[in-house]
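Single-letter residue listing:
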Amino acid sequence: MKVESGTVDFGSRPRMLRCYLCGREYGSKSLAIHTPQCQAKWAQLQQSKPMGERRAIPLPPKAHVNPLDGVAVGSGRRG
């Protein structure tokens with residue numbers, strides 16, 4: 001923590017990942033916990049809709065490499 005001219009710099013925020021279903025941001029470990037819960041919520045919401053309005057659960061995005069740090073996002077591998 002640096003103090004300059006009466007301001008406090010807490011550094012950069014931790015990298016957050018976005019849930020592909022609800023769009024909320026979570027840390028990498030929290031997202032792994034959240035995703036199955038969000039999928040269950042999606043399924044429950046779809047069950048409450050009339051048959052003609054129901055949609056299948058969207059597929060998760062394919063893993064991609066973050067160009068800033070080379071980490072494969074979504075695959076569980078670094079590289």
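Preceding this section is the structure that the text describes.
Every chain is numbered independently, its residues counted from 1 as its sequence is written. With the structure being a predicted model, the display of local features is reserved for residues of pLDDT at least 70 and the display and counting of side-chain atom pairs for 80 or more, all residues being used for whole-chain, interface and lining totals. Note: side-chain values were computed over all heavy atoms of the structure, leaving out hydrogens and water.

Numbered from the N terminus, helices here are DSSP runs of H or I no shorter than four residues, and strands are runs of E no shorter than two. Following the sequence through the fold, S48 ends up in the loop between helix 1 (28-47) and strand 5 (64-65). Only protein chains enter the accessibility calculation, which uses a 1.4 Å probe; a residue whose area is less than 20% of its type maximum is buried, one above 50% is exposed, and one in between is partly exposed. Its relative accessible area of 58% is what places S48 among the exposed residues.

With that out of the way, let us pick up the layout of surface pockets. The volume enclosed by the second largest pocket comes to roughly 160 Å³. Cavity: a set of points on a 1 Å grid over the protein atoms alone where a 1.4 Å probe fits but cannot get out. Pocket: an open set with protein on both sides within 12 Å along at least five of seven lines, its lining residues, like those of a cavity, having an atom within 4 Å of a point. Taken together, L21, C22, R24, H34, C38, K41, W42 and L45 form the lining of the second largest pocket. Here the lining of the second largest pocket is built from residues that sort into five nonpolar, one polar and two charged. Grid points are joined across faces, edges and corners, and a volume is the space filled by probe spheres set on the points. All residues other than Ala, Val, Leu, Ile, Met, Phe, Trp, Tyr, Cys, Pro, Asp, Glu, Lys and Arg, Gly among them, are scored as polar; the first ten of these are nonpolar and the last four charged.

We define the nonpolar core as a collection of buried residues of types Ala, Val, Leu, Ile, Met, Phe, Trp, Tyr and Cys that are connected through side-chain atoms lying within 4.5 Å of one another. In terms of nonpolar packing, the biggest core is built from six residues, these being C19, L21, Y26, L31, C38 and W42. Broken down by element, this core gets its largest block of residues, three residues, from helix 1. Here a residue-residue contact requires only that any non-hydrogen atoms of the pair lie within 4.5 Å. Once you skip the residues sitting within four places of it in the chain, C19 turns out to touch R24, Y26, L31, H34 and C38.

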